[in-house]
Amino acid sequence: MKNIDDELKLLTRPQPRRELHGSFTTYVIQEITNHPSPKRWMTQLKEKFTMKFKKLGAVGVTIMAVCLLAGIGGVTYAVTHHFSLFELLNKQPVTTENGGHVTDAFMQKFYQAYVTDASSDTSKARADFEAHVTTELSHKLAMVKDSDPIVCAQNMPTSVSFESVTDSPGYFKAINHYATGDITIGLNYDNSAGIFTDITCPVQDSAAAVNKLQGYYTQYVRSLNDRSKAETAQSVFVTHTSAVLKNTITHFSYGYNPITCTQNIPAMVSFTGVSTTSMTAVLAFESGATNVTLAFDSRAQVFTAITCPPAPTH
């Protein structure tokens, strides 16, 4: 075994230095220039897209840019935040565009805009209106499927007016006007935040509504027996129908009456199978009877559908 002292002495001796060639620095620079280090993947991707853009032209540039942004960052959609009733307790009060407090007139503008815009674009109108409702009210509106929960009917009113209730701050009435009558609903709102908190539809007397609808249908059948009234009988009847049913009746092109489902004029009409949404009109003829199913909206007091039997019998 070698002596450790000898090893230590060898380490302490001066080590010979290797001299660099005079052209070493130039050699290194040439190697770096001729063989650059690998570029980052995003830089390489950018260069590849740049080359493709030049080939695709201006339209290609736009399409590729949109695809790249959607793939990397995703697509962002505006989502309305609905304040809950609890959050409203700590929400800072808002002011109107004039710097004043929220009033009935201020909130009525949102409802008026909905009634005006819904006839042309229901989805957008509803989204705009629901931007001013609480979480709880938004959920309540979403639960209603058979009619429009904002106007409390299946079709849009021809116009709307408002009535303030002086002894109830944060509450007013909207009177929706139809050709067949008016529907009055109540709207509650938070007068510090300017947000609707509830919509109350009226509780209609179903029996009274059905009686009115039976009267409209009976009047139509009787008008068919009077030649002087027969020409205008249909135009009068469709004022008591929804917009969809009115369009169906008006543009009906088959060889029988779309309201009575027959070619002949019935002698009389009676009703059976009455429920809260439909009833059966029994049209009597000398040779028998024809049953016609009439669906209706008792709140708006309009017919919404007429279902004929499988084949006209007269």
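Scroll up for the structure.
Residues numbered from 1 in each chain as written. Predicted model: local features only at pLDDT ≥ 70, side-chain atom pairs only at ≥ 80, totals over all residues. Heavy atoms only, no water.

### Some remarks on the sheet that holds strand E6 (residues 278–285)
Taken together, 4 strands build an open sheet; the order of strands is E5-E6-E7-E8 and the sheet is antiparallel. Looking at which strands have only one partner, the edges of the open sheet turn out to be strand E5 (268–272) and strand E8 (302–307). On average, each strand axis in the sheet is tilted by 35 degrees relative to the strand beside it, whichever way the strands run. (Pairing = 2+ DSSP bridges. Helix = DSSP H or I, 4+ residues; strand = E, 2+ residues; numbered from the N terminus. Axes fitted to C-alpha atoms, helices over the stretch in contact; angles between N-to-C directions.)

### Some points on the sheet that holds strand E3 (residues 181–190)
Pairing between the strands of a sheet comes from backbone hydrogen bonds, and it takes one of two forms, parallel or antiparallel. One open sheet holds the 4 strands; their spatial order is E1-E2-E3-E4, and the pairing between them is antiparallel. Each edge of the open sheet carries a strand with a single partner, namely strand E1 (159–164) and strand E4 (195–200). Strand-to-strand twist in this sheet, taken as the mean axis angle between neighbours without regard to direction, amounts to 30 degrees. Of the pairings in the sheet, the one linking E3 to E4 comprises 5 bridges and is antiparallel in character. Its bridge partner lying in E4, Gly-186 is registered against Thr-200.

### A short note on the pattern of salt bridges
This model, assessed by the stated rule, comprises 3 salt bridges. Here Asp-128 makes a salt bridge to Lys-124, at a shortest N to O gap of 2.9 Å. Of this pair, Asp-128 and Lys-124 both sit in helix H6 (residues 122–130), 4 residues apart, which is roughly one turn of that helix. Here Glu-130 and Arg-126 are joined by a salt bridge, their closest N and O atoms 2.7 Å apart. Here Arg-126 and Glu-130 lie together in helix H6, a separation of 4 residues that amounts to about one turn. (Salt bridge = Lys/Arg side-chain N within 4 Å of Asp/Glu carboxyl O.)

### Structural notes on the state of the cysteines
Inspection of every chain in the model, using the stated rule, returns 2 disulfides. Residue Cys-152 pairs covalently with Cys-201 via a disulfide, S to S 1.9 Å. Between Cys-152 and Cys-201 the sulfur-sulfur dihedral comes to about -80 degrees; the bridge is accordingly left-handed. With a gap of 49 residues between them, Cys-152 in the loop between helix H7 (135–143) and E1 and Cys-201 in the loop between E4 and helix H8 (206–223) connect regions that are remote in the sequence. Bridging Cys-261 to Cys-308, the disulfide has an S-S length of 1.9 Å. Disulfide Cys-261 to Cys-308: torsion about the S-S bond roughly -75 degrees, handedness left-handed. Residue Cys-261 is located in the loop between helix H10 (243–250) and E5, and its partner Cys-308 is located in the segment after E8; the two are separated by 47 residues in the primary sequence. Look at the chain and number its bonded cysteines as they come in the sequence; the links are 1-2, 3-4. (Disulfide = S-S within 2.5 Å.)

### Focus on the nonpolar core
Grouped burial of nonpolar side chains is what soluble globular proteins tend to show. Membership of the largest hydrophobic core comes to 28 residues, with the highest contact counts inside it found for Tyr-111, Tyr-114, Phe-129, Ile-185, Leu-187, Phe-196 and Ile-199. Counting residues per element, the ones that place at least two in this core are helix H5 (104–117), H6, H7, strand E2 (171–178), E3 and E4. Looking at which element gives the most residues to this core, the answer is H5, with 5 residues. The residues contacting Tyr-114, other than those within four sequence positions of it, are Thr-122, Ala-125, Arg-126, Phe-129, Asp-148, Ile-150, Val-151 and Met-156. Counting residues in each nonpolar core, the second largest holds 24 residues, with Val-221, Leu-245, Val-269 and Leu-283 among its members. (Core = buried A, V, L, I, M, F, W, Y, C linked by side-chain atoms within 4.5 Å. Buried < 20%, exposed > 50% of the residue type's maximum accessible area, 1.4 Å probe, protein only. Contact = heavy atoms within 4.5 Å.)

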